[in-house]
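The primary structure of each chain is shown beneath.
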Amino acid sequence: MITLYHVPGSRSTRSLWLLNELGIGYEIAEMALDMKVLRAPKYLAIHPLGRVPCLVDGELTLFESGAIAQYLCEKYDDGTLGRGPGHRDRYEWLQWIHYAETIAAHGASLVQQSVFIRKDQRSPVVQKLESRRLEKAVEVLDRHLSDKDHLLVSGFSAADVNVCY
């Protein structure tokens, strides 16, 4: 049985959405966004950084959302959401699966600056830099999607799931 370690509203939403799109059975181990929970020795034994997502499928443990998407599509997809080796969109699919993290990293940096760092310790330079980087990352998407509904010519895929988060 697949278990997804998940914090609502976090990047693990990508993996949860994909599991639902695939229509396969899974269990959710819902975690609190609480360092005492995420850094508990029991969870650190599963995910060495104490973050989410983390997917356990039998003996396999994966903790990067791009790798989780690739794995789930390669093992459980019927060809609808994944683009396997030999598919004309394979490499573009991989690009967008992992581009999602580029977008999320800049967004996370901005959230840290505005939510988790005390106001007197926030860096206007970092905020400006990360805002611009996020803007540029979204501009790439806007240009790419200007004349289409999905990232790939072949239609909706796990790449759309990862990027849409």
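Above this text sits the structure in question.
Residues numbered from 1 in each chain as written. Predicted model: local features only at pLDDT ≥ 70, side-chain atom pairs only at ≥ 80, totals over all residues. Heavy atoms only, no water.

### Overview of the pattern of salt bridges
Oppositely charged side chains can form a pair if their charged atoms are brought close together. Counted only if it meets this: Salt bridges are identified by distance alone: a Lys or Arg side-chain nitrogen within 4 Å of an Asp or Glu carboxyl oxygen. Counting from the N terminus, the helices are DSSP H or I runs at least four residues long and the strands are E runs at least two residues long. Under the scheme applied here, a residue whose accessible area is under 20% of the maximum for its type counts as buried, over 50% as exposed, and between as partly exposed, the area being computed with a 1.4 Å probe on protein chains only.
For the structure on display, the rule yields 10 salt bridges. Between Glu139 and Lys136 there is a salt bridge whose closest N-O contact spans 3.5 Å. Remark: Lys136 and Glu139 occur in helix H6 (residues 124-144); sequence separation between them is 3 residues, near one turn of the helix. For Lys136, a relative accessible area of 41% translates into the label partly exposed. Measuring nitrogen to oxygen at the nearest pair gives 3.2 Å for the salt bridge that ties Asp147 to Lys148.

### Considerations on the side chain of His144
Quick reminder of the rule: The contact criterion used throughout is that any non-hydrogen atoms of two residues lie within 4.5 Å.
You can see His144 is positioned in helix H6. Leaving out residues up to four positions away in the same chain, His144 has contacts with Glu92, Trp96 and Leu151.

### Brief notes about the packing of aromatic side chains
Put simply, the rule reads: Note on ring pairs: Phe, Tyr and Trp rings are taken, using the six-membered ring of Trp, and paired if centres are within 6.5 Å. Classes follow the plane angle, with under 30 degrees stacked, over 60 edge-to-face and the rest tilted.
What the rule picks out here adds up to 3 aromatic pairs. Pairing Trp96 with Tyr99 gives two aromatic rings, centres 5.2 Å apart and planes at 85°, and the pair type is edge-to-face. Here the residue Trp96 and the residue Tyr99 both occupy positions in helix H5 (residues 90-116), the gap between them amounting to 3 residues, near one helical turn. Classification of Trp96 as buried rests on a relative accessible area of 4%.

### What about the environment of Arg143?
Tracing the chain through its elements places Arg143 in helix H6. Taking the C-alpha atoms as reference points, Arg143 and Tyr71, 72 residues apart in sequence, are found 29 Å from one another.

### Brief notes about the sheet that holds strand E4 (residues 60-62)
Rules: Strands pair, by our definition, only if DSSP identifies at least two bridges between them. Only C-alpha atoms enter the line fits that serve as axes; for helices the fit covers just the stretch in contact. Angles between N-to-C directions range over 0 to 180 degrees.
Strand order in the open sheet made by the 4 strands is E2-E1-E3-E4, with mixed pairing throughout. Looking along the sheet, the strands with just one partner apiece sit at the ends: strand E2 (26-30) and E4. Between one strand and the next, the sheet's axes are offset by a mean angle of 15°, whatever the strand orientation. Note: strand E1 (residues 2-6) against E2, 5 bridges, orientation parallel.

### Observations concerning a nonpolar patch on the surface
This is how the line gets drawn: Patch membership needs two things, relative accessible area over 30% and no salt bridge, and members are linked within 9 Å if like-charged or within 5 Å if nonpolar (Val, Leu, Ile, Met, Phe, Trp, Tyr). Accessible surface area values rest on a Shrake-Rupley calculation with a 1.4 Å probe, where residue burial reflects the displayed protein chains alone.
Taken together, the side chains of Leu33, Met35, Val111, Val115 and Phe116 define a hydrophobic patch exposed on the protein surface, amounting to about 530 Å² of accessible area. The biggest single contributor to the nonpolar patch is H5, with 3 residues. Here Val111 shows up in helix H5. Owing to a relative accessible area of 39%, Val111 belongs among the partly exposed residues under this scheme.

### Things to note about the state of the cysteines
So the rule is basically this: Throughout, a disulfide means two cysteine sulfur atoms within 2.5 Å of one another.
Scanning the model with the defined rule gives 0 disulfides in all. In this structure Cys73 is not part of a disulfide, and its nearest cysteine sulfur, from Cys164, lies 14 Å away. A residue is classified by how much of its surface remains accessible, and Cys164, at 53% relative accessible area, is exposed.

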